[in-house]
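# Analysis of the macromolecular model
Given next are the chains, with one letter for each unit.
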Amino acid sequence: MDHDHALYEHIAAKNPAEPEFHQAVAEVLEAIRPALDRDPALSAAAMLERLCEPERQLMFRVVWTDDAGRVQVNRGFRVEFSSALGPYKGGLRFHRDVTLGTVKFLAFEQIFKNALTGLGLGAGKGGSDFDPAGRSDGEIMRFCQAFMTELHRHIGPETDVPAGDIGVGSREIGYLFGQYKRLTNRYAAGTLTGKDPLLGGIPARPEATGYGTVYFLDAMLAARGESLEDRTAVVSGSGNVAFHAIAKLRALGANPVVCSDSGGYVHDPRGIDLDVLHELKVAGRSRLAEYVNHVPSARYVPGGSPWDVPAAVALPCATQNELGEQAALRLVKNDVRGVAEGANMPCTPGALQILREAGVAVGPGKAANAGGVAVSGLEMRQNAARDRWTFDRTDQQLQEIMADIHTTCLSTAEEHGVPGDYVSGANIAAFRTVAAAMDAAGYV
Ligand SMILES: NC(=O)C1=CN([C@@H]2O[C@H](COP(=O)(O)OP(=O)(O)OC[C@H]3O[C@@H](n4cnc5c(N)ncnc54)[C@H](OP(=O)(O)O)[C@@H]3O)[C@@H](O)[C@H]2O)C=CC1
Ligand SMILES: O=C(O)CCC(=O)C(=O)O
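Residues numbered from 1 in each chain as written. Chains lettered and ligands numbered in written order. Predicted model: local features only at pLDDT ≥ 70, side-chain atom pairs only at ≥ 80, totals over all residues.

### A closer look at the overall build of the protein
For the record, the criterion: Only DSSP runs of H or I with at least four residues qualify as helices, and only runs of E with at least two residues qualify as strands; both kinds are numbered from the N terminus onward. We compute the radius of gyration over the C-alpha atoms and compare it with the globule rule, which gives 2.2 Å times the number of residues raised to the power 0.38. Once C-beta atoms have been placed from the backbone, residue pairs whose C-beta atoms lie within 7 Å are recorded as contacts.
A tally of helices and strands in the protein yields 16 helices and 12 strands. Taken over C-alpha atoms, the radius of gyration comes to 21 Å for the protein, in line with the 22 Å a tight globule of 444 residues would show. Along the longest, intermediate and shortest principal axes, the C-alpha atoms of the protein span 60 × 60 × 45 Å. In the protein, the share of contacts with a sequence separation of at least 24, taken over all contacts with a separation of at least 6, comes to 73%.

And the structure:
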């Protein structure tokens, strides 16, 4: 058994029932192999073993009361995976399916993503199995307050800086921040990012992940002499990332015709109507099925796969493992040119292999969706300097960061004999940075 395989087996056995974490580790071990072969010093001093073991993981009880006065109990998590490059940084996910394994895989991905931003960010992720669907504003607030009652002991601008993810937007961040302030008696704005600008949030953080994913996709196409102009796009999800990806695709001349939620997908050949989508999914908290009540010419396919609709570019922006092998084969058959992962690990390993072997430009989440955490890093700067950035300044910086990440991935892939392979390029470039910092800090 070679070392990578033995290490993988060891990690899988040590972290039972965490298949998503195993998957994320396997992808990294495979992708960085060319770098380890060139420079064995990179894996000396148990570097890989240390990298795959979280520095700290917290699991706690969250008790709150619902509107009927019933006592509810949820589980909270925060995995502080790596402080090699800076304070732990990463979002919080509130979703009924969240487990320790989910949070651990997300925190592990975050190590590499955050390294690519070049902003000096460590990595963490957290969340809860709390299901926000159908909960009132008061219930959301009470849950957030109960969650922060434990979490506040572990976070701070120099320690660990949470933000949003699935089920956590600026409303939840506001309630979490309010409770942090109340418990600590400190207006430490840099403790959380993704805040409303009234609480010290940076403009363009809501847009950043979706916009950044499209900037990355645009750069991948440009590197191949192609563009988004007049290209049909399919997007999965209809939340924060998907909505802003659709808006930016539109702005850059593409025609996004599909979006989805966990109930099914909408196909609107004239292009997704942003006003309707905003009203349904961003301002309101309705189901996507209602889209066709506003746009009768569109089609809603309950339980359908968005990847069935032919398109030149595909952006999975909902959740992990949402794009499998059958979907990848369909995308290839329909001559897809680029796939950019707005979500974290949305393509299964089999799907990734099919797309890469077919020569499709694939932007892995740790590179393509890094714009969100990058702008969070800018929000930390803004807060530390007690400054106020404008939307345009933030967006300009975001574009530069995404262009740099794209160049880094491309040149690293080229240097390691896998030209055009963004998955390898992203993992190797990030790993080299993190390994160098870990090496410099000694055996910790
Ligand atoms: N927010 C951010 O800044 C960043 C987010 N990401 C990643 O982007 C993805 C989307 O996050 P975000 O837009 O913030 O989250 P939101 O909560 O705003 O939206 C999530 C969307 O995904 C759909 N979805 C969630 N779970 C499932 C599922 N099991 N099957 C099908 N659809 C599902 C939701 O549908 P429904 O409403 O029906 O549940 C909703 O449309 C996640 O993978 C997240 O980790 C990555 C980088 C940064
Ligand atoms: O903005 C952040 O800190 C993290 C965003 C996030 O959770 C992610 O990149 O997946």
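### A word on the UniProt feature "binding site: substrate" (unreviewed entry) in the protein
The condition that has to hold: UniProt positions are given in the numbering used here, feature names are shortened, and annotations may be inferred rather than shown by experiment. Three exposure classes are used. Buried residues have 20 or more other C-beta atoms within 10 Å of their own C-beta, exposed residues have 12 or fewer, and partly exposed residues fall in between, all C-beta atoms being placed from the backbone.
Per the UniProt record, the feature "binding site: substrate" (unreviewed entry) sits at Lys 89, Gln 110, Lys 113, Gly 164 and Ser 376. Contact partners of Lys 89, with chain neighbours within four places excluded, come to Asn 114, Leu 121, Gly 122, Ala 123, Gly 124, Val 161, Val 373 and Ser 376. Mapped onto the elements, Ser 376 comes out in helix α14 (residues 371-384). What makes Ser 376 buried here is the crowd of 29 C-beta atoms within 10 Å. Each residue touching Ser 376, except ones within four places of it in the same chain, is listed here: Lys 89, Ala 163, Thr 193, Gly 194 and Arg 205.

### Looking at the site of ligand 1
Spelled out, the test is: In this text, near has one meaning. A residue is near a molecule or strand if its C-beta atom, placed using the backbone, is within 6 Å of it. Any residue that is not Ala, Val, Leu, Ile, Met, Phe, Trp, Tyr, Cys, Pro, Asp, Glu, Lys or Arg is counted as polar, Gly included; the first ten are nonpolar and the last four charged. Domain limits in this description derive from either an automatic procedure or a database domain assignment.
Looking at ligand 1, there are 23 residues lining it, with Gly 239, Asp 261, Ser 262, Ala 343 and Gly 372 nearest. Among the elements that line the shell around ligand 1, the one with the most residues is helix α8 (residues 240-251), at three residues. Grouping the amino acids of the shell around ligand 1 by side-chain chemistry returns six nonpolar, 14 polar and three charged. For the shell around ligand 1, the domains that each give at least three residues are domain 1 (54-188) and domain 2 (206-368).

### Observations concerning the domain arrangement of the protein
Taken domain by domain, the protein holds domain 1 (54-188) and domain 2 (206-368). Look at where the C-alpha atoms of domain 1 and domain 2 centre, and you get two points 27 Å apart. The interface of domain 1 with domain 2 comprises nine residues on the first partner and eight residues on the second. Of the residues forming the side of domain 1 that touches domain 2, the biggest block, six residues, is contributed by helix α4 (residues 100-117).

### Structural notes on the sheet that holds strand β7 (residues 255-261)
Let me state the cut-off plainly: Only strands that DSSP links by at least two bridges are regarded as paired with each other. All axes here are fitted lines through C-alpha atoms, helices being fitted over the stretch that makes contact, and every angle between N-to-C directions spans 0 to 180 degrees.
Pairing is mixed in the open sheet, where seven strands are placed in the order β9-β8-β7-β6-β10-β11-β12. Single-partner strands in this sheet number two, and they are β9 (299-302) and β12 (361-363). This sheet shows a mean twist of 15° between the axes of neighbouring strands, independent of strand direction. Examined bridge by bridge, strand β11 (residues 338-340) and β12 share three bridges and lie parallel to one another. Bridged to Ala 340 within β12 is Gly 363.

### Let's talk about the sheet that holds strand β2 (residues 71-82)
Reading across the sheet, the five strands line up as β1-β2-β4-β3-β5 and stay open at both edges, with mixed pairing between neighbours. Edge strands, defined here as strands with exactly one partner in the open sheet, are β1 (56-65) and β5 (160-163). Between one strand axis and the next, the sheet turns by 20° as a mean value, whatever way the strands run. Where β2 lies against strand β4 (residues 123-128), six bridges are found, and the strand directions are antiparallel. Looking across to β4, one finds that Arg 78 is bridged to Gly 126. Contacts from α4 reach β1, β2, β3 (88-94) and β4 within the one sheet, and its direction differs from that of β4 by about 150°.

### Brief notes about the site of ligand 2
Taken together, the residues surrounding ligand 2 are Lys 89, Gly 90, Gly 91, Lys 113, Ala 163, Asp 165, Thr 193, Asn 344, Gly 372, Val 373 and Ser 376. Sorting the residues of the shell around ligand 2 by element identifies β3 and α14 as the ones contributing at least two each.

### Considerations on the environment of Phe 94
Residue position: Phe 94 is located in strand β3. Its 26 C-beta neighbours within 10 Å are what place Phe 94 among the buried residues. The spatial distance from the C-alpha of Phe 94 to the C-alpha of Gly 164 is 9.1 Å, given a sequence separation of 70 residues. With near-sequence residues (within four places) excluded, Phe 94 lies in contact with Gly 127, Ser 128, Phe 130, Pro 132, Gly 167 and Val 168.

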